Amino acid sequence: MSLKPNGNYRNLKESYLFFHIARKVEEYRKEHPDLPLYRLGIGDVSRPLCDAAIRALHAAVNDQAEEKTFRGYTPECGIPEFRNAVAGYYARRNVTPDPEEIFVSSGASDELGDILDLFDASSPALITQPAYPAYVDASVMAGREVRFLTAKPENDFLPLPSDDLEADLIYLCSPSNPTGAVYNREQLQKWVDYANGRGAVILFDAAYEAFVEGNLPHSIFEVPGAETCAIEICSLSKTAGFTGTRLGYTVIPKALERDGMNLNAMWVRNRTTKTNGISYILQKAGIAVFTDEGLLQIRESIDHYKENARVLMNALDECGIKYWGGKNAPYIWMACPNGMKSWDFFDLMLNEIQVIGTPGEGFGSAGEGFFRLSSFGNPEDTKIAAERMKLLLVR
Ligand code: PLP
């Protein structure tokens, strides 16, 4: 018999979203080479790394140049100094993970898929939709059934478990990409109680936690009982601009067990088999981010993005357009005006005012009729885009 490839890949839907956007923009640019474009579609950061991280990177490179300070392989689950630094970051919010519950990673995307190794493929995944596309695709690649729970205006884009819900592995993203919605403590408690009651596990994607304001939870571990039912996946990508540098962390409590198996111990086994650690140089930069100095510096970038978000939200307010997010997240999720479909609205914005956003339908069918604006762009472009939106959309 010949080798069989993983047939689950046949079940993946083509991911047209960013390809389709890039093609439409390229065609428009060719037809109108003199018109500037205003990009509010990107999910990537635009500000450079903070000074504390840059200095740590340079120092770590110098370490690698000298025999005395040179480091070879690092421990697979993270160098202790990095795990302690992340634990210290949690402790600022009175969450006190044991450093051995923190695992270094190359970023959240890698982990969102890799973590599925811990669960039998027969356990379905529940995904609140619209959603970051990796949840669905990683689950399908692993041969897992995917079920959806719809995030919609009626539930403030924050669906909650109901008595008849059957879910074993639950992806939650708060603050959400794309809707910017954030679960409060009471709402997260409902998910935690549901998961503990049923023996389910929550995969909590906290990639945008640094944007949360006020008393809303940054981490699922701020909610009692989460240590027996949740894994948190986070990264420095949006917290500290590490999208191209690549560094993240995953928290798996030692108290998390299913069917007599300890998930923390299983992940140690997984990492020590499937990785040889993460770059010493990058972990040193991560440690610098979590110092007082680093945290102050990353705050400046987050505030800078929040100012962009304010400019966009003010414009939508003036136009009388309903939107969600923007306050505790870098994304604003707006209702397309006059019941337009997301791709039609994308075309309108591109053709009439040269502003590029992201059609909600690209995050799943539940996103139809909505449109995502990103605050990660440059402030001048964001201001011009906001003025243009006002001219186009004011009622
Ligand atoms: N999770 C969400 C919700 C995201 O939006 C992103 C990136 O945009 C990621 C995870 C991936 O982040 P990373 O750069 O750490 O892989």
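Residues numbered from 1 in each chain as written. Predicted model: local features only at pLDDT ≥ 70, side-chain atom pairs only at ≥ 80, totals over all residues. Heavy atoms only, no water.

Focus: the layout of surface pockets
Next, step 1: The computed volume of the largest pocket comes to approximately 550 Å³.
Next, step 2: Along the wall of the largest pocket there are 22 residues; nearest its centre are Lys 13, Glu 14, Gly 362, Phe 363 and Gly 364.
Next, step 3: When contributions to the lining of the largest pocket are tallied by element, the ones reaching two or more residues are helix H1 (17-31) and helix H5 (134-141).
Next, step 4: The element best represented in the lining of the largest pocket is H5, accounting for three residues.
Next, step 5: In terms of residue class, the lining of the largest pocket is built from 11 nonpolar, seven polar and four charged. (1 Å grid on protein atoms, 1.4 Å probe; cavity = no way out; pocket = protein on both sides within 12 Å on 5 of 7 lines; lining within 4 Å. Points joined across faces, edges and corners; volume = space filled by probe spheres on them. Helix = DSSP H or I, 4+ residues; strand = E, 2+ residues; numbered from the N terminus. Nonpolar A, V, L, I, M, F, W, Y, C, P; charged D, E, K, R; others polar.)

What to know about the packing of aromatic side chains
Next, step 1: Tallied over the full model, the rule gives 18 aromatic pairs.
Next, step 2: For the ring pair Tyr 249 and Phe 290, a centre distance of 6.2 Å and an interplane angle of 75° mean the geometry is edge-to-face. One end of the pair, Tyr 249, is in strand S8 (residues 248-251); the other, Phe 290, is in the loop between helix H9 (280-289) and helix H10 (292-319), and 41 residues separate them in sequence. This pair shows no difference in class: Tyr 249 is buried, exactly as Phe 290 is.
Next, step 3: Put simply, the rings of Phe 157, Trp 324, Trp 333, Phe 363 and Phe 370 pair up and form one aromatic cluster.
Next, step 4: When the ring centre of Phe 103 is taken as origin, the NZ or CZ atom of Arg 83, which lies over that ring, is 5.4 Å away.
Next, step 5: Seen from the ring of Tyr 331, Arg 372 lies directly overhead, with NZ or CZ sitting 4.1 Å from the centre. (Phe/Tyr/Trp six-rings, centres within 6.5 Å; stacked < 30°, edge-to-face > 60°. Buried < 20%, exposed > 50% of the residue type's maximum accessible area, 1.4 Å probe, protein only. Lys NZ or Arg CZ within 6 Å of the ring centre and 35° of its normal.)

With respect to unusual backbone geometry
Next, step 1: The omega torsion of the bond from Gln 129 to Pro 130 falls at 15°, within 30 degrees of zero and hence cis.
Next, step 2: Secondary-structure assignment places Pro 130 in the loop between strand S3 (125-129) and H5.
Next, step 3: We note that Phe 157 has phi near 60°; this positive angle belongs to a residue other than glycine.
Next, step 4: Along the chain, Phe 157 falls in the loop between strand S4 (146-150) and strand S5 (169-173).
Next, step 5: The phi dihedral of Gln 354 falls on the positive side, at around 60°, and the residue is not glycine.
Next, step 6: Tracing the sequence through the fold places Gln 354 in the loop between helix H11 (342-353) and strand S13 (355-356).
Next, step 7: Judged by relative accessible area, which is 7%, Gln 354 ranks as buried.

No statement about biological role is implied by the geometric values presented.
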